[in-house]
Amino acid sequence: MVSRVIPVDPFDLVIFGGTGDLARRKILPGLYRRYWAGQLPDDSRIVGASRREMTDDEFRQFVREAIEEFAIEGKDDAPKIDGFLKLLSYNAVDATGDQGWKELADKMREDVVRAYYFSVGPSLFGHLAEHLHKYKIAGNHARIVVEKPFGHDLKSAKDLNATLRKYFAEEQIYRIDHYLGKETVQNLMAVRFGNVLFEPLWNALYVDHIQITVAETVGVGGRGTYYDKSGAMRDMVQNHMMQLLCLIAMEPPHHFEPDAVRDEKLKVIRALDPVGPQDIVRGQYSGAEGIDSYFTDVEDERSTTESFIAMKLHISNWRWKGTPIYVRTGKRLKTRASEIAVVFKHPPHSIFGENPNDRRGNVLVIRLQPNEGMNLRVTIKEPGPGGMRLIEVPLDMSFAEALGPEAADIPDAYERLIMDVIRGNQTLFMRGDEAEAAWAWADPIIESWEKAGDRPKLYDPGSAGPEEALMLLYREGRRWRDIRE
Ligand code: NAP
């Protein structure tokens, strides 16, 4: 298999917050990887922009170290690294004041794609948009990339949308959700809409339920203060998991183009039923020998913020009425794994007798991490003598194995999404109305907790979450997949 790397047009990309953690770990090493793969033209330019004073050479050294630490492939390719560093420069710019803007404006070229990546705290997004407008360096063809979190609730998301739209058209705004840039997430659409095999079964008649899991082994660590204001619902469910849910549940768009896809996703969010307290379990990890509890990590013993959440959701439309969708996410769990499992119903009648063990459902698992790939569990006859006994076997496809050395060329989520920004393709970015609809669904749920003042259930570090989360499925004769399966 030969992978095709199609170079993008030359561009000027300004990374506000170019000296921050996200730029250092993801954006800059990702851009280097695209350069290394031959996708960035040599006359492209990448400008780091933050408050602190720094020379171009100091910024290049900062990026060299970031590449050495975080780029996966190509980090030993000295000539390529030197070539990439030549694209870089640095400007000290204050998002809230006028310092540095004139110099930045003078640097931007007219005849290339201009993109501005807002990799700064959300309180600065509006200031950046305003200054880009004031110094006339945005222009009609410029794009802005806005990092998460996109608002804290419906009101703040609406305010942010209104501020950005004062200066930019919706077609210029790229709200990034890096989950959408993952190879498997896009493959989900390819599998659903590129085959006839699955789509006829993809509905409440044949699907018993769906599970979406994003499990982490780490705690909140150094992000405690930020995380405690957010919690699993705001940090994971309202954005990343909602996006996964949309892709799994949406109707086929008439075409794979931005608004067609985003229209269908929006319909899913709007069809979500409100979720009552009986269908939600919130948890907080406790401590253990050598492991700090959530309270210790956030330095607040009275915190009622959840580090784990499990929920049962319903989509009220023709396709999904009656099929529950269970989502769970949490920190300090036993495994680091993200997956979507579509659990099909049992065959309506067993011709092999009534042994309940022989009545199994097919399960399609889409693994986001680790080892991106897919797995379809099918029932076959146990080989050998002994009659017609059934067993389950996985039809397993790991991208790394299926693609061999070509897998090294698969861009990671940030790389792919930044290239989409340069190409002007918004398909994998959230539209403003999607972000607002997701908050409109999440807000009443969060408000009801705040009103009730409920404390989350404690769970052991290294466990699968609170017992009550297991009961959410047990009480209906189902069980969570063991995420190591
Ligand atoms: P960070 O490490 O705190 O970096 C913030 C950056 O903003 C620094 O480069 C800082 O530069 C710059 N900055 C601060 N005030 C400024 C101002 N007034 N004008 C210009 N630049 C200013 O934050 P981060 O972790 O990179 O996160 C950046 C954004 O990405 C946030 O919205 C965050 O929620 C989001 N995000 C981060 C991650 C992650 O893994 N880190 C993941 C997902 C989303 P100076 O120090 O020079 O001021």
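Predicted model only: the values in this text are computed from it and were never measured. (Residues numbered from 1 in each chain as written. Predicted model: local features only at pLDDT ≥ 70, side-chain atom pairs only at ≥ 80, totals over all residues. Heavy atoms only, no water.)

Where interface size is quoted, it is often the accessible area lost as the parts come together. Each assigned domain of the chain is listed with its residue range as follows: domain 1 (11-147) and domain 2 (180-474). Three residues stand out in domain 1 for area buried against domain 2, namely R33, R34 and R143, and they jointly supply 31% of the buried area on that side. One can count two salt bridges joining domain 1 with domain 2. Ionic pairing is found between R34 and E415, a salt bridge with its closest N-O pair at 2.9 Å. Between domain 1 and domain 2 we count five residue pairs in polar contact (both at pLDDT 80 or more) in total. Put simply, the parts of the chain that give the side of domain 1 that touches domain 2 at least two residues each are β1 (11-16), α1 (21-36), β4 (113-118) and β5 (143-146). (Domains from an automatic or database assignment. Buried area = accessible area lost by both parts, 1.4 Å probe. Salt bridge = Lys/Arg side-chain N within 4 Å of Asp/Glu carboxyl O. Polar contact = N/O pair within 3.5 Å; in protein donor to acceptor, adjacent residues only side chain to side chain. Helix = DSSP H or I, 4+ residues; strand = E, 2+ residues; numbered from the N terminus.)

Close to the ligand lie 21 residues; T19, D21, R25, R52 and V120 are nearest. Contacts to the ligand include V120, whose backbone N or O atom sits 2.7 Å from an oxygen atom. A distance of 2.9 Å separates an oxygen atom of the ligand from a polar backbone atom of K148. The greatest single-element share of the shell around the ligand, amounting to three residues, is contributed by α1. (Near = heavy atom within 4 Å.)

Attention now goes to the pattern of salt bridges. If you walk through the whole model with that rule in mind, you get 40 salt bridges. Between D57 and R60 there is a salt bridge, with the nearest N and O atoms lying 3.0 Å from each other. Here R60 and D57 lie together in helix α2 (residues 56-70), a separation of three residues that amounts to about one turn. Assessed through its relative accessible area of 53%, D57 is described here as exposed. A cluster of three or more residues bridged by salt bridges with shared partners is formed by D208, D279, K312, R475, E476 and R478. (Buried < 20%, exposed > 50% of the residue type's maximum accessible area, 1.4 Å probe, protein only.)

Sheet strands pair by backbone hydrogen bonding; their relative direction is either parallel or antiparallel. Read from one edge of the open sheet, nine strands run β14-β13-β12-β11-β7-β10-β9-β8-β15, paired in mixed fashion. The strands lining the two open edges of the sheet, one partner per strand, are β14 (390-398) and β15 (457-459). Taking each pair of neighbouring strands and ignoring which way they run, the sheet shows an average axis angle of 20°. The sheet contact formed by strand β9 (residues 308-313) and strand β10 (residues 325-330) spans six bridges and is antiparallel. Bridge pairing in β10 links M311 to V327. Along the sheet, helix α14 (residues 432-452) contacts β8 (280-285) and β9; its crossing angle with β9, the most-contacted strand, is approximately 125°. (Pairing = 2+ DSSP bridges. Axes fitted to C-alpha atoms, helices over the stretch in contact; angles between N-to-C directions. Contact = heavy atoms within 4.5 Å.)

Our next topic: a nonpolar patch on the surface. Together, L201, L205 and Y206 give the surface a local cluster of nonpolar side chains, amounting to about 310 Å² of exposed area. In this fold, Y206 is placed in the loop between α7 (183-194) and β7 (207-215). (Patch = residues over 30% accessible without salt bridge, like charges linked within 9 Å, V, L, I, M, F, W, Y side chains within 5 Å. Areas by Shrake-Rupley, 256 points an atom, 1.4 Å probe, with all protein chains shown as cover.)

Taken across its seven residues, strand β12 (residues 363-369) has seven buried, putting it largely inside the fold. Relative to β12, strand β11 (residues 337-344) is paired through six bridges, and the arrangement is antiparallel. Residue pairing across strands places S338 opposite Q369, the latter belonging to β12. Taken together, the five bridges between β12 and strand β13 (residues 373-381) define a ladder with antiparallel strand orientation. The residue bridging I366 from the neighbouring strand is M374, located in β13. What sits between β12 and β13 in their antiparallel hairpin is a turn of three residues, with N371 showing a positive phi close to 55°.

Within the fold, M419 resides in helix α13 (residues 413-423). Sequence separation between M419 and R34 is 385 residues; the distance between their C-alpha atoms is 8.4 Å. In this structure M419 touches V8, L31, R34, Q39 and L40, once residues within four positions along its chain are discounted.

Attention now goes to unusual backbone geometry. The omega torsion across K148 and P149 is 5°, close enough to zero to call that bond cis. Tracing the chain through its elements places P149 in the loop between β5 and α6 (154-167). Of note, the amide linkage connecting Q369 to P370 takes the cis form, showing an omega dihedral of -10°. Within the secondary structure, P370 sits in the loop between β12 and β13. Although it is not a glycine, K136 adopts a positive phi angle of roughly 50°.

Contact geometry for helix α10 (residues 258-270) and α14: axes closest at 9 Å, N-to-C directions at 10°. For the element pair α10 / α14, the angle class is roughly parallel. Each of R262, K265, L266 and I269 in α10 lies in contact with α14, whose residues at this interface are D433, E434, A437 and A438. Among the residues making up the contact of α10 with α14, the classes are represented as four nonpolar, no polar and four charged. (Parallel < 35°, antiparallel > 145°, perpendicular 65-115°, else oblique. Nonpolar A, V, L, I, M, F, W, Y, C, P; charged D, E, K, R; others polar.)

Quick look at the sheet that holds β4 now. Strand order in the open sheet made by the six strands is β3-β2-β1-β4-β5-β6, with parallel pairing throughout. Strands with a single pairing partner mark the edges of an open sheet, and in this sheet they are β3 (88-92) and β6 (173-175). If you compare each strand with its neighbour and ignore which way they point, the axes differ by 20° on average. Across six bridges, β1 lies against β4 in parallel orientation. Residue pairing across strands places F11 opposite V113, the latter belonging to β4. With respect to the sheet, α6 is in contact with β4, β5 and β6, its orientation differing from that of β6 by roughly 150°.

This brings us to the side chain of N239. By the secondary structure assignment, N239 is in helix α9 (residues 231-249). One polar contact links the side chain of N239 to the main-chain carbonyl oxygen of R234, over a distance of 3.0 Å. Leaving out residues up to four positions away in the same chain, N239 has contacts with K148, D177 and R234.

One pass over the structure, following the stated rule, counts three cavities of 30 Å³ or more. Considering the residues around the largest cavity, the lining is formed by 15 residues, among which K148, F150, Q238, N239 and M430 are closest to the centre. In terms of residue count, α9 provides more of the lining of the largest cavity than any other element does, three residues in total. Among the residues forming the lining of the largest cavity, the class breakdown is seven nonpolar, four polar and four charged. Space inside the second largest cavity adds up to approximately 40 Å³. (1 Å grid on protein atoms, 1.4 Å probe; cavity = no way out; pocket = protein on both sides within 12 Å on 5 of 7 lines; lining within 4 Å. Points joined across faces, edges and corners; volume = space filled by probe spheres on them.)

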